[in-house]
Amino acid sequence: MCGIVGYIGHREAYPIIIKGLKRLEYRGYDSAGIALYDGADIKLSKTKGKVDDLEKRIASEISTTGSLGIGHTRWATHGIPNDINSHPHYSNSGDLVIIHNGIIENYEALKKELIQRGYSFKSDTDTEVLINLIEDIKKNENIKLGKAVQIALNQVIGAYAIAVFDKNKPNEIVVAKLGSPLAIGVGEDEFFIASDASPFIEYTKNAIYLEDEEIAVIRRHKDIKIRKIQDDSLVNPYVQELQMNLEEIEKGGYDHFMLKEIYEQPHAIKDTYRGRLLANKGIIKMAGIDDNIEKFQNASRIIVVACGTSWHAGLVAEYIFEDLARIPVEVEYASEFRYRNPVIHENDVVIAISQSGETADTLAAIKLAKSKGAFVFGVCNVVGSTIARETHAGAYTHAGPEIGVASTKAFTTQITVLTLIALKLAKAKGTISNEDYRLHLNELALIPEKVLEALKHDEHIKHIASIYKDAKNCLYLGRGFNFPVALEGALKLKEISYIHAEGYPAAEMKHGPIALIDENMPIIVIAPKKGHYEKVVSNIEEIKARQGKIIAVVTKGDTSVTNLADHTIEVPETLESLSPLVTTIPLQLLSYHIAVMLEKNVDQPRNLAKSVTVE
Ligand code: M6R
């Protein structure tokens, strides 16, 4: 977690860094800080709280001149969120200053040694240990900063993306990476540093993504030298041109990124299948699958590894793959998979799903699967992310940047990609009739319009939200393909409104959760016409008999559920296997409106971060 930003060049660094930190707040927002070199000294200011709080503090604390600086927005790992633990951190001499995203696992041992050598520490952080280790090496060996950082990092166990500068050498910044992302924007006689490219996209589209175990010395008016940390070999920088644009990372008139991203879904789903789904020709083109079709066809099973919402998309995929392509699927929490000595065969195909492509547990699960000889396929949104690079092949979701911490368009676009893969395999394996295959292709092509139609019920959903906003608990029920949608709906409500919510397969209600139902319990039932409809109606009757309040997501024109439920929200009819793509929309909106009415921070819910790069 944590977002890092840096600048060295001919402009004022402060506005670039502050704006960049705001864009990176999705990575953590419990404290923030900045260090600028003003031509004579380092000016450092940091605080518990958000970047807005930092701005206020800076206004009364430091001058903001200088064309070199680094900034940080934190998601605490070592040391509670307070002013002292915030980054940047000074070395004991006050000459060096550092920002860090990641965890130094052996920091306690290193700290002990440094204390014995006379160093003292103000914070509880692992980062302050690292900067003093660098200082110690630099002084003892009388070497340049870059070399000292390199030697220090060879002693470190853990993950990091760091940026360091020395006030006595104010024409260079040293950066390095292992496990946490770090991009360098290359402008005209200026360089930008950031956890992703969003802080510098309006200045340059040329970026270098550092690879793991690389260190770069970035020098003003000069160049970048990249080396491998372990063996000191020089690396030829690969400068890539970014496709992202500024509008994509701004709110565009919406009150929150989450709402913008919910409304982007018709477009995002179209972008996901654009060039892949040729419905009128009956073709699905996906290079990552075409090139590895035998691996998939011969797979004894598919193992999906993911976390959070991506795990829910994996559960939907389980239903789709088994139903259409008749391949056994196991869906694993990456965090469990990596530590439970799982049985993995060489003819297993592992699909890793991750919006950010940086989730530490998913990455570790991929590494484990690869070490056992499995073929690993990635489904990521962020282009060039670590998971996209670590997997043998993959397919991007092309959803565009998702900034709101609560995943919305990531979920529906992941399901879209996974459906395309399942259909492709079903066709290749002959497990789907031509007619059914064409039907699925045509129906998938219509999903963006149907999502758009589902979004039109926003005002009605807002009204329902106003009735139930003060609920203390909520139950979400769904069956078959819509059971994962129930889990996802509950997760959305929990994470942004802090209302306790549980998702269950509707029939499981009888085995426990039914005891919770009384007249105060809102129960959101996903009850589209296709797929166990009669059974769900029976479940609704059972709820009704216990005075539970029923909010049902139904197919347009429904009567049976509508007669029983307290409220219904209509979605357009589609195939059962594609229904999660439309039934999930009202649940996203319901959570959103409840959270707004409760005055919660929708885009940055407490304790969370967009990308969980620590285990
Ligand atoms: O970037 P990833 O898809 O790997 O992230 C996985 C989860 O951290 C993420 O889906 C999380 O659960 C979201 N906040 C849910 O809205």
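Our subject is the structure listed above.
Q: Is there a simple way to explain the nonpolar core in this structure?
A: Side chains that are nonpolar tend, in soluble globular proteins, to be buried together. Ranked by size, the top nonpolar core spans 89 residues in total, and within it Phe321, Ile351, Phe377 and Tyr476 carry the most contacts. If one sorts the elements of this core by residue count, helix H14 (residues 409-429) sits on top with 10 residues. A domain-level breakdown of this core finds at least three residues from each of domain 2 (251-454) and domain 3 (456-603). For Ile351, the residues in contact, after removing those within four places along its chain, are Phe296, Ile302, Ile303, Val304, Val305, Phe321, Phe377, Val379 and Leu418.

Q: Explain the sheet that holds strand E23 (residues 473-478) here, please?
A: Sheets are built from strands that pair by backbone hydrogen bonding, the pairs being arranged parallel or antiparallel. On the basis of which strands lie adjacent, the open sheet formed by 5 strands has the order E24-E23-E25-E26-E27 and parallel pairing. The strands lining the two open edges of the sheet, one partner per strand, are strand E24 (500-505) and strand E27 (567-571). Neighbour to neighbour, the strand axes of the sheet diverge by 20 degrees on average, direction disregarded. Packing of helix H16 (residues 458-468) onto the sheet brings it into contact with strand E25 (522-527), strand E26 (549-555) and E27, and relative to E27 it is tilted by some 150 degrees.

Q: What am I meant to see in the site of the ligand here?
A: Close to the ligand lie 14 residues, the nearest being Ser310, Ser354, Ser356, Thr359 and Glu495. Within the backbone of Val405, an N or O atom sits 3.0 Å from a nitrogen atom of the ligand. Interatomic distance of 2.4 Å between a side-chain N/O atom of Glu495 and an oxygen atom of the ligand. When the ligand is considered free in solution it has 410 Å² of accessible area, and contact with the protein chains removes 92% of it. Contributing elements (two or more residues each) for the shell around the ligand: helix H10 (308-325) and helix H17 (483-497). Of the residues belonging to the shell around the ligand, the class tally is 4 nonpolar, 8 polar and 2 charged. Each of domain 2 (251-454) and domain 3 (456-603) contributes no fewer than three residues to the shell around the ligand.

Q: Honestly, unusual backbone geometry in this entry has me stumped. Any pointers?
A: Of all residues except glycine, most have a negative phi; of all peptide bonds, most are trans. Omega for the peptide link from His87 to Pro88 comes to 0 degrees, which places this bond in the cis form. With respect to the element layout, Pro88 can be found in the loop between strand E4 (68-74) and strand E5 (89-90). With phi around 60 degrees, His221 is a residue other than glycine that occupies positive phi space. Note on placement: His221 falls in the loop between strand E12 (214-219) and strand E13 (224-228).

Q: What is the right way to read the sheet that holds strand E21 (residues 375-380) from this model?
A: With parallel pairing, 5 strands are arranged side by side in an open sheet as E19-E18-E20-E21-E22. Looking at the sheet topology across the chains shown, the edges are occupied by strand E19 (329-333) and strand E22 (393-396). Each neighbouring strand pair of the sheet contributes to a mean axis angle of 20 degrees, computed without reference to strand direction. Seen against the sheet, H10 touches strand E18 (301-306), E19 and strand E20 (348-354) and runs at an angle of roughly 175 degrees to E19.

Q: Is there a simple way to think about the packing of aromatic side chains in this case?
A: For any pair of aromatic rings, geometry is given as the distance between the ring centres together with the angle between the planes. By the definition in use, this model includes 8 aromatic pairs. Geometrically, the ring pair formed by Tyr319 and Phe481 is tilted, given 5.6 Å between the ring centres and 45 degrees between the ring planes. Separated by 162 residues along the polypeptide, Tyr319 in helix H10 and Phe481 in the loop between E23 and H17 bring together distant segments of the chain. Aromatic ring contacts, followed pair by pair, group Tyr7, Phe192, Phe200 and Tyr203 into a single cluster. When the ring centre of Tyr437 is taken as origin, the NZ or CZ atom of Lys427, which lies over that ring, is 5.0 Å away. The ring centre of Tyr498 lies 3.8 Å from the NZ or CZ of Arg606, which sits over that ring.

The rules behind the values
Sequence positions are assigned chain by chain, starting from 1 and proceeding in written order. Totals for whole chains, interfaces and linings use all residues, but because this is a predicted model, local features are given only for residues with pLDDT of at least 70 and pairs of side-chain atoms are given and counted only at 80 or more. Excluded from the side-chain calculation are hydrogens and water; included are all heavy atoms of the structure. Nonpolar core, defined: a set of buried Ala, Val, Leu, Ile, Met, Phe, Trp, Tyr and Cys residues in which side-chain atoms within 4.5 Å join the residues together. Each residue is placed in one exposure class: buried if its accessible area under a 1.4 Å probe, protein chains only, is under 20% of its type's maximum, exposed if it is over 50%, and partly exposed if it falls in between. Numbered from the N terminus, helices here are DSSP runs of H or I no shorter than four residues, and strands are runs of E no shorter than two. Boundaries of every domain are those given by an automatic assignment or by a domain database. Contact criterion: two residues are considered in contact whenever any of their non-hydrogen atoms come within 4.5 Å of each other. Any two strands with at least two DSSP-identified bridges between them are counted as paired. Only the stretch in contact is used when fitting a helix axis, every axis being a line fitted to C-alpha atoms; angles between N-to-C directions are given from 0 to 180 degrees. One heavy atom within 4 Å of a molecule or strand is enough for the residue carrying it to be called near that molecule or strand. Here a polar contact is taken to be a pair of N or O atoms separated by no more than 3.5 Å, where protein atoms must pair a possible hydrogen donor with a possible acceptor and residues adjacent in sequence count only if both atoms sit in side chains. In short, Shrake-Rupley with a 1.4 Å probe defines the accessible areas, and a residue's cover is counted only from the protein chains shown. Polarity classes work like this: nonpolar for Ala, Val, Leu, Ile, Met, Phe, Trp, Tyr, Cys and Pro, charged for Asp, Glu, Lys and Arg, and polar for all others, with Gly in that last group. Pairing of aromatic rings covers Phe, Tyr and Trp, the last counted by its six-membered ring, and requires centre-to-centre distances within 6.5 Å; plane angles under 30 degrees mean stacked, over 60 mean edge-to-face, and any other angle means tilted. Note on criteria: charge over ring means Lys NZ or Arg CZ within 6 Å of the ring centre, with the direction from the centre no more than 35 degrees off the ring normal.

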